[in-house]
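Structure assessment
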Amino acid sequence: MRPNRLRQKLNAGEPTIGTHILSSWPTLVELIGDAENYDYVEFTAEYAPFTMHDLDNLGRAFELKNLAGMIKVEQKQYAHQAMRAIGSGFQSVLFADIRTVADAELCVAAVRAETPGTGGRLGVGMRRDVGTVLEGGSPAYVDALNEVVIAIMVEKRECVEDLEAILSVPGIDMVQFGSSDYSMSLGLTGQRSHPDVVTAERKTIETALKMGKHPRVELADISGAKPYLEMGVKHFCIGWDVRILYNWWRTNGAGMRAMLMGEAAVAHAPQPVKTGTY
């Protein structure tokens, strides 16, 4: 069974760096691995089209470059998508739209084996994670499922209000605040810098640290990292492939067009759009 690099980092108290992709093209994972600065790649499947074959191919790329793979799954698909991603070689699952303790318990059950004491729902499988036929149903398989890193999105009003109870659910490892969804749940759509949203984010980070969980922050780039480092955050997931491409196309396309129209217009070329957590 393949060691879980992200789990090893968390257990050792070491910081981690990840990045997001919405594309299921495994070559992007290879390029990220070649950059030699990342511990894991999050496939943000909640927003992207993909097939079961794509998950297998991403799993192969993770193994090739010794990267951990995280998948972000949408509500109502927790059990199926988590099971198939783990079977393909993903070693961490980020669950979106958590509202209640019951939601959090479902997330944990979706990645643990159905053995006494684990509270899991997963049975034996013949998938890539066990070498198809090599470790299916073995103790090593159960151990590997226990090592899967479970992360949850804190992005709903109800979740923030009952945060301590939700983070008390055994098995939750990482916590990610989502300012866009949270602001929308308050009726403050698009106001990610609203004082109520900022307060909720700080509460999420402070509560996670107090309860021995690992708060993670998503950033478009590293310019916004300092305040979180000062709060004690050690885990960051930076950049989205689609945002990186959009910023390059927008900035350089406009700059090239301005140059063609005359150098005086170059100064008016738009700068990359920066975003914080979502």
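Residues numbered from 1 in each chain as written. Predicted model: local features only at pLDDT ≥ 70, side-chain atom pairs only at ≥ 80, totals over all residues. Heavy atoms only, no water.

**Comments concerning unusual backbone geometry**
One non-glycine residue with positive phi stands out, namely Asn66, at about 55°. Within the fold, Asn66 resides in the loop between α3 (52-64) and β3 (68-73). In this model, Thr132 sits at a positive phi of 65°, which is unusual for a non-glycine residue. For Thr132, the position within the fold is in the loop between α5 (101-109) and α6 (139-147). The exposure class of Thr132 is partly exposed, given its relative accessible area of 38%. (Helix = DSSP H or I, 4+ residues; strand = E, 2+ residues; numbered from the N terminus. Buried < 20%, exposed > 50% of the residue type's maximum accessible area, 1.4 Å probe, protein only.)

**Comments concerning the nonpolar core**
Judged by nonpolar contacts, the single largest core of 51 residues is most densely connected at Phe43, Ile71, Val93 and Phe95. If near-sequence neighbours (up to four positions away) are discounted, Phe95 is found in contact with Val73, Tyr78, Ala82, Cys107, Ala110, Val111, Ile150, Ala151, Ile152 and Met153. One finds Met70, Ala96, Ala151 and Cys237 within the second-largest nonpolar core, a separate group that totals 12 residues. (Core = buried A, V, L, I, M, F, W, Y, C linked by side-chain atoms within 4.5 Å. Contact = heavy atoms within 4.5 Å.)

**Let's talk about the packing of aromatic side chains**
Inspection of the entire model under this criterion finds 4 aromatic pairs. For the pair Phe62 and Phe90, a centre-to-centre distance of 5.0 Å together with 85° between the ring planes defines the contact as edge-to-face. With a gap of 28 residues between them, Phe62 in helix α3 and Phe90 in the loop between α4 (78-88) and β4 (92-95) connect regions that are remote in the sequence. Given a relative accessible area of 0%, Phe62 falls into the buried group. Judged by its relative accessible area of 2%, Phe90 is buried. With a centroid separation of 5.2 Å and 85° between ring planes, the pair formed by Tyr78 and Phe95 is classed as edge-to-face. One end of the pair, Tyr78, is in helix α4; the other, Phe95, is in strand β4, with 17 residues separating them in the sequence. Each member of the pair, Tyr78 as well as Phe95, is classed as buried. (Phe/Tyr/Trp six-rings, centres within 6.5 Å; stacked < 30°, edge-to-face > 60°.)

Take it as geometry only, folks, not as evidence of what the structure does.
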